[in-house]
Amino acid sequence: EAQVTQNPRYLITVTGKKLTVTCSQNMNHEYMSWYRQDPGLGLRQIYYSMNVEVTDKGDVPEGYKVSRKEKRNFPLILESPSPNQTSLYFCASSPRLAGGYNEQFFGPGTRLTVL
Amino acid sequence: AQKVTQAQTEISVVEKEDVTLDCVYETRDTTYYLFWYKQPPSGELVFLIRRNSFDEQNEISGRYSWNFQKSTSSFNFTITASQVVDSAVYFCALSARETGANNLFFGTGTRLTVIP
């Protein structure tokens, strides 16, 4: 089944404790992205990657890191989480077809609470 | 800069009523795409439609229809004869070249509640 998977789905942690949220897709998509969803703010893009070893900042990158060493994986790293990073996080992928503007396929979401 | 406005934060309707969700966008690009996604209470994001800036034809899919008007920069979504299963948060999104053709810029969403 074609899908985007995220782990963990739920995480409660404490301020300053490094964590990684994994994202994997099995559709051979070039493009991957991370979003955070907060009440009243919709989804905002954190980082995106057009292909392996190519990453770029989205609208709200502060406090996050990403890497794209393999095409299928795009982990989100919080080196020193803070309470304002408590949010619902979504990973997404899409094929990088000519011209762009393609439908993105979303993972199930990871609900992170930072105490 | 691009912007997507969903002015309706929450809407409640009684089952079988029709409801329209508004979406107004801003972009400097002449080539762009508009999207609608549904987020049911279970939390996942479900793709509903993608429409490019050169195609202003309205689209209908079952009880769902979309009205794209470039003159008013709007891409509104209508659900006919609403059902309880339509209860969800609906997001309108824009993809334009100025911020990367693969990147989605979302509105803040409209929470629709359909009362049985």
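Basis of the calculations
- Residues numbered from 1 in each chain as written.
- Chains lettered and ligands numbered in written order.
- Predicted model: local features only at pLDDT ≥ 70, side-chain atom pairs only at ≥ 80, totals over all residues.
- Heavy atoms only, no water.
- Helix = DSSP H or I, 4+ residues; strand = E, 2+ residues; numbered from the N terminus.
- Rg over C-alpha atoms; globule rule 2.2 N^0.38 Å.
- Buried < 20%, exposed > 50% of the residue type's maximum accessible area, 1.4 Å probe, protein only.
- Contact = heavy atoms within 4.5 Å.
- Core = buried A, V, L, I, M, F, W, Y, C linked by side-chain atoms within 4.5 Å.
- Pairing = 2+ DSSP bridges.
- Salt bridge = Lys/Arg side-chain N within 4 Å of Asp/Glu carboxyl O.

S.K.: What's the story with the overall build of chain B in this structure? I'm lost.
M.R.: The number of helices and strands found in chain B is zero helices and twelve strands. Relative to its length of 116 residues, chain B is compact, with a C-alpha radius of gyration of 14 Å against a globular reference of 13 Å. Taking the principal axes of its C-alpha atoms as reference, chain B extends roughly 45 × 25 × 20 Å. Looking at chain B as a whole, 47% of its 116 residues are labelled buried. Residue pairs at least 24 apart in sequence account for 56% of intrachain contacts in chain B once pairs closer than 6 positions are excluded.

S.K.: How do you make sense of the nonpolar core when you look at a structure like this?
M.R.: It is characteristic of soluble globular proteins that their nonpolar side chains tend to be buried jointly. Residues and elements named next belong to chain B. Counting residues in hydrophobic clusters, the biggest one holds 25 residues, and the most contacted among them are W36, W66, F77, Y90 and L112. Elements that contribute at least two residues to this core include exactly β2 (10-14), β3 (19-21), β5 (32-39), β6 (46-52), β8 (64-69), β9 (74-79), β10 (88-96) and β12 (110-115). Residue contributions to this core peak at five residues, all from β10.

S.K.: Help me out: how do you make sense of the sheet that holds strand β7 (residues 65-66) of chain A in this one?
M.R.: Within a sheet, each strand pairs with its neighbour through backbone hydrogen bonds, oriented either parallel or antiparallel. Residues and elements named next belong to chain A. The strand order β1-β3-β8-β7 describes an open sheet built from four strands, whose pairing is antiparallel. Looking along the sheet, the strands with just one partner apiece sit at the ends: β1 (4-7) and β7. Looking at chain direction, strand β3 (residues 19-25) and strand β8 (residues 76-78) are connected through three bridges and run antiparallel. When the sheet's bridge partners are listed, L19 is paired in β8 with L78.

S.K.: Hey, could you run me through the environment of P108 of chain A in this one?
M.R.: Residues and elements named next belong to chain A. Inspection of the secondary structure puts P108 in the loop between β10 (105-106) and β11 (110-114). Taking the relative accessible area as the measure of exposure, P108 reaches 26% and is therefore partly exposed. As for P108 and Y89, which are separated by 19 residues in sequence, their C-alpha atoms are 8.9 Å apart.

S.K.: Would you mind showing me how to read the pairing of β8 of chain B here?
M.R.: Residue and element names in this part refer to chain B. The alternating pattern of β8 places Y64, W66 and F68 on a buried face, while none of S65, N67 and Q69, on the opposite face, is buried. Where strand β7 (residues 59-61) and β8 come together, three bridges link them in antiparallel fashion. In the strand pairing of β8, I60 is matched with S65. Linking β7 back to β8 in an antiparallel pair, the connection comprises two residues, with G62 at a positive phi of about 65°. With six bridges joining them, β8 and β9 adopt antiparallel strand pairing. Note on β9: the bridge partner recorded for Q69 is S74. Count of turn residues in the β8/β9 antiparallel hairpin: four residues, of which S73 carries a positive phi of about 50°.

S.K.: What should I look at first to understand the pattern of salt bridges in this one?
M.R.: Should the charged atoms of two oppositely charged side chains come close, the side chains can pair. Residue and element names in this part refer to chain A. Counted by the stated rule, this structure contains seven salt bridges over all chains. A salt bridge links E79 to K65, with the nearest nitrogen and oxygen atoms 2.9 Å apart. Of this pair, E79 sits in the loop between β8 and β9 (87-94) while K65 sits in strand β7; the two residues are 14 residues apart in sequence, bridging distant segments of the chain. By relative accessible area, which is 37% here, E79 ends up partly exposed.

S.K.: Help me understand the interface of chain A and chain B, please; the structure alone is not making it clear to me.
M.R.: Bring the parts together and some accessible area is lost; that lost area is often taken as the interface size. Every contact between the two is made by 23 residues of chain A and, on the other side, 22 residues of chain B. Summed over the shared surface of chain A and chain B, the result is zero salt bridges. Secondary-structure elements contributing two or more residues to the side of chain A that touches chain B are β4 (31-38), β5 (42-51) and β9 of chain A. The element contributing the most residues to the side of chain A that touches chain B is β5 of chain A, with five residues.

S.K.: Teacher, can you tell me more about the pairing of β12 of chain B here?
M.R.: On a regular strand, one side chain projects to one face of the sheet and the next to the other, so that they alternate. Residue and element names in this part refer to chain B. On β12, burial follows the alternation: T110, L112 and V114 on one face are buried, whereas R111, T113 and I115 on the facing-out side are not. As defined by bridge partners, β2 adjoins β12 across five bridges and the pair is classed as parallel. Counterpart to I11 in the pairing with β12 is L112. Taken together, the three bridges between β10 and β12 define a ladder with antiparallel strand orientation. Directly across from A88, in β12, lies its bridge partner L112.

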